[in-house]
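# Structural overview for review
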Amino acid sequence: MKRIARIASSRTAPARLGEQRGAYRAALIGPLYCDSSALIKLYMPEPGSAEFNRVVDGRNDLLVSDLAVTEVVSALARRVREGAVTPEAARRLEHAVVRGLDGAVYGRVELTRDVHRQAEHFLLALMSMPLRAADALHLALATSARAASLASCDRRLSAAARAAGLATYPA
C-alpha cells in the first residue's frame, strides 16, 4: 500500500520494539479497520503516529469509513480553533484523507441501515462496556466488513472489539 503521508520522524527502534512491531503485524490479521483515532495518526504527528505508521506500512487491507473521515475532520477543526493547525493545513489534510478513501488507498466501509442495527445490538449486548454511539458504529462497520482486526486508541472501543472477537491495535 502506498503511504499517503509520512509524518513521523524516523528513529532507530531498539530490537525489543522491532520484535513488538513484528508481533503486532502477526497479530493484526487482515483486513484491519481503522477508526478515526488510528486514521489521524497516518496524517498528523501525535503520540503513537510513528509506531502505527510502521505497523501498517506496506499493508493493502486497511478499511476506513466515511464516519472516521468526518471524525478526523472534526478533530482537525478543533485543532484549528485551538490554534494548533492553520486552516490551510487542515484543508490540505482533509483533502489527503478524502483522496485516500476515494482513491481506493483504503477499502471503504459504508454506513448502512444494517450497520446501524448491528451497532444497536452491540450497545445492548455489551452493557458491561459503556460504548458511545459512534464507537458502536465503528465496531459494527468493522464487523460488517468482516475485518479481523481493529485499530483504535479508544480503550472502550478496543475492549468491545476484543469481546466481539477482533484483534486490536494497540493490543
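This structure is a prediction, so every number in the text was calculated from the model and none was measured.

Definitions and limits used
- Residues numbered from 1 in each chain as written.
- Predicted model: local features only at pLDDT ≥ 70, side-chain atom pairs only at ≥ 80, totals over all residues.
- Heavy atoms only, no water.
- Axes fitted to C-alpha atoms, helices over the stretch in contact; angles between N-to-C directions.
- Helix = DSSP H or I, 4+ residues; strand = E, 2+ residues; numbered from the N terminus.
- Parallel < 35°, antiparallel > 145°, perpendicular 65-115°, else oblique.
- Left-handed = near helix turned anticlockwise from the far one by under 90°.
- Contact = heavy atoms within 4.5 Å.
- Core = buried A, V, L, I, M, F, W, Y, C linked by side-chain atoms within 4.5 Å.
- Buried < 20%, exposed > 50% of the residue type's maximum accessible area, 1.4 Å probe, protein only.
- Lys, Arg positive; Asp, Glu negative; His and termini not counted.
- Salt bridge = Lys/Arg side-chain N within 4 Å of Asp/Glu carboxyl O.
- Polar contact = N/O pair within 3.5 Å; in protein donor to acceptor, adjacent residues only side chain to side chain.
- Pairing = 2+ DSSP bridges.

### Considering the packing of helix α6 (residues 113-125) against helix α7 (residues 133-144)
At their nearest, the axes of α6 and α7 sit 8 Å apart, and the two run at 120° to each other. As summarised for this structure, α6 and α7 are arranged oblique, according to the angle between their axes. Between α6 and α7 lies a crossing of right-handed hand. Contacts between α6 and α7 pair Val115, His116, Gln118, Ala119, Phe122 and Leu123 from the former with Ala136, Leu137, Leu139, Ala140, Leu141, Thr143 and Ser144 from the latter.

### Topic: the nonpolar core
Judged by nonpolar contacts, the single largest core of 29 residues is most densely connected at Cys34, Leu39, Leu42, Tyr43, Phe52, Val64 and Tyr106. In terms of residues, this core owes the most to one element, helix α5 (residues 87-102), which gives six residues. If near-sequence neighbours (up to four positions away) are discounted, Phe52 is found in contact with Cys34, Ala38, Lys41, Leu42, Ala151 and Tyr169. Formed by 21 residues, the second largest nonpolar core is a distinct cluster that contains Leu139, Ala142, Ala161 and Leu166.

### A look at the side chain of Asp35
Its place among the elements puts Asp35 in the loop between β1 (32-34) and α2 (36-39). One buried charged residue, Asp35, forms no salt bridge at all, with the nearest opposite charge on Arg132 at 7.4 Å. A distance of 2.6 Å separates a polar atom in the side chain of Asp35 from a polar atom in the side chain of Ser152. Once residues within four sequence positions are removed from consideration, Asp35 is found in contact with Ala68, His138, Ala151, Ser152, Cys153 and Leu157.

### Points about the sheet that holds strand β2 (residues 62-65)
Within a sheet, neighbouring strands are paired by backbone hydrogen bonds and run either parallel or antiparallel to one another. Spatial ordering of the open sheet is given by β3-β2-β1-β4-β5, a layout of five strands whose pairing is parallel. Whereas interior strands pair on both sides, the edge strands pair on one side only; in this sheet they are β3 (107-109) and β5 (167-169). For this sheet, the mean angle separating the axes of adjacent strands, direction not counted, is 30°. In this sheet, β5 lies alongside strand β4 (residues 149-151) in parallel orientation, the contact comprising three bridges. Paired with Ser149 across the strands is Ala167, a residue of β5. The strands that helix α3 (residues 49-56) touches are β1, β2, β4 and β5; relative to β5, the one it contacts most, it runs at about 135°. Strand contacts of α7: β1, β2, β3 and β4, with the helix running at about 155° to β1, the strand carrying the most contacts.

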